[in-house]
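Notes for the structure review
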Amino acid sequence: MARKKGQGISRREFVKTTAAGALATGLGPAFLFPERAQAQQKTLKILQWSHFVPAWDTWFNNTFTKEWGQKNNTIVIVDNINLVDLSARAASEVSAKKGHDLFMFLSPPAAYEQQTIDMTPVYQEVEKKHGKKIDLAHKSTYNPKTKRYYAFSDAYTPDPGNWHRDWWTEVGYPKGPDTYDELLDGARKIRQKSGHPCGLGLAQELDTSMAMRAILWSFGGAEQDEHGNVTINSKQTIEALKFMKALYQDTETPEVFTWTPPSNNQAMLAGRVSFVMNAISITRQSEREHLPIDSKIMISPALKGPVRRVAAEHVMNCYVIWEFAENKESAQQFLIDYMDHFHDGFVAGQFYNFPCFPTTVPDLQKEIANDPRANPPDKYKVLGNVLEWATNIGYPGYATAAIDEAFKTWVIPTMFAKVARGDEAPENAAKAAEEEYKRIFARWK
């Protein structure tokens, strides 16, 4: 029977009429059934460190991830933790087989390969748009034995020298040290003249690990060769150990044995040390906080040793997607889309994150050569050729699972510290390190 005029319309007629209107105005089903739209919304969970340049976290957490989430109907949750807590958190998530979809390490996490998905498809999609990745990224995320990428790297951070301009000028090095011989000579003279020590760490922490590897490689030593054979016990390693012992005894103080990652930053910014090896987080902090010492801290490339000029990257961003991740598809797509916006992050992070895909920052040398924040504005120009001297953990080979374990168990910092402190002769320390490396490598064969 027909409904009488004035009695209203049925629920079915209301839905039909409203749906037509919603579609006509482009609102679609989400307008009609908001609870259904919310149910279809995905969640992407990301864990990474609290960046040393806070402006990068501000851009990533509050701008990029929010915009990406809106476009992809995804709630993006970013958790930031201190870099020293990353290893323990990763072990916890793997043990529980539950955690974040994307997990970012600051060094190659090869030991976790079996707990991660293959990132080859991500690299392939990014390379279609942005060209080949740098070799540093390849060797830091690829296993040549399994032919598999266990991680994806968007960026690396250079590890230059940071030095006090006035003190180095006073002892005859107005451009700072360029070689390790000059470092020893100049740092010794500064210590004798003003009492200010050099600041290379000898502790079980990230900055020490990178600095000691730079010295080891520059003197011709290495943990392994290009084929993955242990080579740590060599005359070149012994010479590197002798150098560091002399540098410590003549220019440093015992505090370096107990340093944590921020320690050399703090010492340099406080005007207590003459030279450190660290990323530009030091100078960026001095600029950000308008510290009086800002104009006095200068940047240099990796120092040249008797054999070569080389240094490790300071940190190597390595994103993994756990095999137990709840949203693998979105995690992969997020990384692919993120690389389209890498330049925005490069600017927001004030040049801390250098690109693993050079075309994402095509004018890098021009940008870093004239920075209005820097004093002088061309302070960062020296990083323009960073790929000529920056290399990967495990050089000259790959960052393998065995190298990963040796890195996380501080074999190299321990070797250098024992010699510097006088606990071991260089020859004995190199032999002990060799035995430890052989044990580690045997476990990963």
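Located above this text is the structure these notes cover.
The structure displayed is predicted, hence computed values, not measured ones. (Residues numbered from 1 in each chain as written. Predicted model: local features only at pLDDT ≥ 70, side-chain atom pairs only at ≥ 80, totals over all residues. Heavy atoms only, no water.)

Attention shifts here to empty space enclosed by the protein. Applying the stated criterion across every chain, the model contains one cavity of 30 Å³ or more. The volume enclosed by the largest cavity comes to roughly 50 Å³. Every residue along the wall of the largest cavity is listed here: Asp159, Pro160, Gly161, Tyr180, Ala214, Phe275, Met277, Pro301, Ala302, Leu303, Val310 and Ala311. (1 Å grid on protein atoms, 1.4 Å probe; cavity = no way out; pocket = protein on both sides within 12 Å on 5 of 7 lines; lining within 4 Å. Points joined across faces, edges and corners; volume = space filled by probe spheres on them.)

Here we take up the side chain of Arg148. Its location among the elements puts Arg148 in strand β5 (residues 148-149). Since its relative accessible area comes to 18%, Arg148 is described here as buried. For Arg148, the side chain forms a polar contact with the main-chain oxygen of Thr116, separated by 2.4 Å. Apart from the residues within four sequence positions on either side, Arg148 is in contact with Glu113, Thr116, Ile117, Asp118, Thr141, Tyr142 and Asn143. (Helix = DSSP H or I, 4+ residues; strand = E, 2+ residues; numbered from the N terminus. Buried < 20%, exposed > 50% of the residue type's maximum accessible area, 1.4 Å probe, protein only. Polar contact = N/O pair within 3.5 Å; in protein donor to acceptor, adjacent residues only side chain to side chain. Contact = heavy atoms within 4.5 Å.)

Our next topic: the sheet that holds strand β3 (residues 102-105). Strand order across the open sheet formed by four strands is β2-β1-β3-β12, with mixed pairing between neighbours. The two strands at the open ends of the sheet, each matched to only one other strand, are β2 (74-81) and β12 (318-321). Shown here is a sheet whose adjacent strand axes are inclined to one another by a mean of 20 degrees, direction ignored. Both strand β1 (residues 42-49) and β3 contribute to a ladder of two bridges, which runs parallel. Across the sheet, the residue bridging to Leu47 is Phe103, located in β3. Along the sheet face, helix α14 (residues 328-340) touches β1, β2, β3 and β12 and points at about 60 degrees away from the line of β1. (Pairing = 2+ DSSP bridges. Axes fitted to C-alpha atoms, helices over the stretch in contact; angles between N-to-C directions.)

With that settled, consider helix α6 (residues 120-130). Among the residues of α6, those classed as buried are Thr120, Val122, Tyr123, Val126, Glu127 and His130. On an axial view of α6, the arc spanned by its buried residues comes to 155 degrees, and they lie on one face. With respect to the buried face of α6, the exposed residues turned more than 90 degrees away are Lys128 and Lys129. Along its buried surface, α6 packs onto α7 (135-141), β5 and α14. Following α6 by one or two positions, Gly131 has its phi on the positive side, about 80 degrees. (Arc of directions from axis to C-beta.)

Moving on, we get to the sheet that holds strand β7 (residues 161-164). In spatial order, the strands read β8-β7-β9; together these three strands make up an open sheet with antiparallel pairing. Only two strands of the sheet have a single partner each, and these edge strands are β8 (275-277) and β9 (297-300). When strand polarity is set aside, the average angle formed by the axes of neighbouring strands in this sheet is 25 degrees. Relative to β9, β7 is paired through four bridges, and the arrangement is antiparallel. Residue His164 lies in a different strand from β9, and its bridge partner there is Ile297. Here helix α13 (residues 281-288) sits on the sheet and contacts β7, β8 and β9; the angle it forms with β9, its principal contact strand, is near 150 degrees.

By themselves, these figures tell us nothing about what the structure is for.
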